[in-house]
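# What the coordinates show
So the chains spell out like this:
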Amino acid sequence: MAELGWPTEGISYGGDYNPEQWPQEVWDEDVRLMRRAHVTTATVGVFSSSRLEPRPGEYDFA
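Residues numbered from 1 in each chain as written. Predicted model: local features only at pLDDT ≥ 70, side-chain atom pairs only at ≥ 80, totals over all residues. Heavy atoms only, no water.

So, on to the overall build of the chain. Within the chain, the secondary structure is distributed over two helices and two strands. Reading the chain from its N end, one meets helices and strands in the order β-α-β-α. When burial is assessed residue by residue, the chain has 11% of its 62 residues classed as buried. A total accessible area of about 5,400 Å² is found for the chain, and carbon and sulfur atoms account for 56% of it. (Helix = DSSP H or I, 4+ residues; strand = E, 2+ residues; numbered from the N terminus. Buried < 20%, exposed > 50% of the residue type's maximum accessible area, 1.4 Å probe, protein only. Areas by Shrake-Rupley, 256 points an atom, 1.4 Å probe, with all protein chains shown as cover.)

Next comes the structure, spelled out in structure tokens:
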């Protein structure tokens, strides 16, 4: 499969993906399955703000 670029040809196909809600051990498999499904776009990190700012005014960028 050719590397996907933007803009993709034709209609984009995808959805939300929130890796912070899953163990890191499954991320590679998730990507493999998305490629198998011909996903061309994904919204990533929608809920990551809770990890970046675990408490009001305290930030963790690790």
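And the narrative resumes.
This model, assessed by the stated rule, comprises one aromatic pair. Measuring from ring centre to ring centre gives 6.1 Å for Tyr-59 and Phe-61, while their planes differ by 0°; the resulting arrangement is stacked. (Phe/Tyr/Trp six-rings, centres within 6.5 Å; stacked < 30°, edge-to-face > 60°.)

The next point concerns unusual backbone geometry. Even without being glycine, His-38 reaches a positive phi, approximately 65°. Position of His-38 relative to the elements: it lies in the loop between helix H1 (27-36) and strand E2 (41-44).

Okay, the pattern of salt bridges next. With the rule as written, the count across this model stands at two salt bridges. Linking Arg-32 and Glu-29 is a salt bridge whose minimum nitrogen-to-oxygen distance equals 2.8 Å. Taken together, the positions of Arg-32 and Glu-29, both in helix H1 and three residues apart, correspond to about one turn of that helix. Between Glu-58 and Arg-55 there is a salt bridge whose closest N-O contact spans 2.8 Å. For Glu-58, a relative accessible area of 35% gives the class partly exposed. Look at Arg-55 and you get partly exposed, because its relative accessible area is 47%. (Salt bridge = Lys/Arg side-chain N within 4 Å of Asp/Glu carboxyl O.)

To continue, consider the confidence of the model for the chain. Summing up the model confidence of the chain, the mean pLDDT is 84 and the portion of residues at 70 or higher is 87%. Across the chain, the secondary-structure element scoring lowest on mean pLDDT is helix H2 (residues 49-52), at 79, and the one scoring highest is H1, at 95. (pLDDT = per-residue confidence, 0-100.)

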